[in-house]
Amino acid sequence: MKHALTALAVSGALVAAAAAAQAESWDMPVAYPANNYQTENDVAFAADVKSCTGGKLDITVHPNGSLFKGDEIKRAVQLGEAQIGERLLSAHANENPIFAYDSVPFLASSFEASDKLREAAKPVLAKVLAKQNLTLLYSVPWPAQGMYFGKQIDSVADMKGVKFRAYNATTARMAELTGMIPTQIEAADLKQALATGVVASMISSGSTGVDEKVWEDMKYFYDVKAWLPRNTVFVNTDAFNALPKDAQDCVIKSADAAQTRGTAKAASLADGFVKTLAEHGMTTGPASAKLQEGLDQIGATMTAEWLKSTGTDGQEIVDAYKAMK
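(A) Region of interest: unusual backbone geometry. Backbone geometry at Lys213 places phi at a positive 50°, although glycine is not the residue there. One non-glycine residue, Lys225, adopts positive backbone phi at about 50°. Within the secondary structure, Lys225 sits in the loop between β9 (220-222) and β10 (230-236). Given a relative accessible area of 36%, Lys225 falls into the partly exposed group.

(B) Expanded view of the sheet that holds strand β4 (residues 134-141). Pairing is antiparallel across the open sheet formed by three strands, whose spatial order is β3-β10-β4. Either end of the sheet is taken by a strand with one partner, and the two such strands are β3 (84-88) and β4. The sheet shows a mean angle of 25° between the axes of neighbouring strands, direction not considered. As paired elements, β4 and β10 share seven bridges and run antiparallel to each other.

(C) Looking closely at the pairing of β3. With respect to burial, β3 is a largely interior element, five of its five residues being buried. Neither face of β3 is left uncovered, since the one carrying Ile84, Glu86 and Leu88 and the one carrying Gly85 and Arg87 both have all their residues buried. In the sheet, β3 pairs with β10 via five bridges, with the strands oriented antiparallel. Bridge pairing links Leu88 to Asn231 in β10.

(D) Helix α3 (residues 70-79), seen in detail. Turning to α3, its buried residues are Gly70, Ile73, Lys74, Ala76 and Val77. Seen end-on, α3 carries its buried residues on one side only, within an arc spanning 165°. On its buried face, α3 sits against β1 (24-29), β3, β4 and β10. Following α3 by one or two positions, Gly80 has its phi on the positive side, about 85°.

What counts and what doesn't
- Residues numbered from 1 in each chain as written.
- Predicted model: local features only at pLDDT ≥ 70, side-chain atom pairs only at ≥ 80, totals over all residues.
- Heavy atoms only, no water.
- Helix = DSSP H or I, 4+ residues; strand = E, 2+ residues; numbered from the N terminus.
- Buried < 20%, exposed > 50% of the residue type's maximum accessible area, 1.4 Å probe, protein only.
- Pairing = 2+ DSSP bridges.
- Axes fitted to C-alpha atoms, helices over the stretch in contact; angles between N-to-C directions.
- Arc of directions from axis to C-beta.
- Contact = heavy atoms within 4.5 Å.

As structure tokens, then:
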């Protein structure tokens, strides 16, 4: 009997070891804090994948730029240094202007419009990413972008000379057209940049404002709803193709769920973020008519520039988007 129990124990250990050997472990670097809804959604996605695959694929989410900084994530996944990652693709518009499809000013200013624009852009974006050994999985919007300042702004002329936090080519170009001075700052470095005066204004969502407690450094938030940038999750194509078919299906199924869940969460939080800014002493509200008029003119200029830079690919996205409206 003793020998039989020993044999069973050894057999069980071998089975467990074999299962562990078959399990795949992936690293998923992300740029935002662990308590940000985008990161929480990624963690839920990873849990869904693990459950769906019966533990055969285990994804570890590394928040706040802890594994790779924001501007390093895309390249790390391309090279296979990480198997999967999340990135604000518009930050790579200098590499390919198509990546800024979600940041064309005033093209899509609501969650519904953002979803339509995402769907319209999907074929073109997937094609561009495929050439870089990346497979598109899902994307989740931020709340609409508003403008933060340390002083009251009544017109575009009032922005001249203000130090502005840029996070992609679109925001840098907007700064140039308004006369502000852009400096590229990643999310993980934003608080320090504000505290030390490296920047004194920015365009971002209410979520970022709450995450970084910007009321400690800025006093005005203008809810101009310029666009809804999207965090995009992509996987190294070689790593994805190496998975068995059932695991691939689990990843895709979990990605679809994450996109739906994350979008609903963003929409539910949007008004609350702005309310929180106001509760901490910030002046919040829409732009004045004069300021909005100036911003609309800048938006028209930037839309024309984006279409020119993207050629037929950009026009295909805009045409498909307009056909859905």
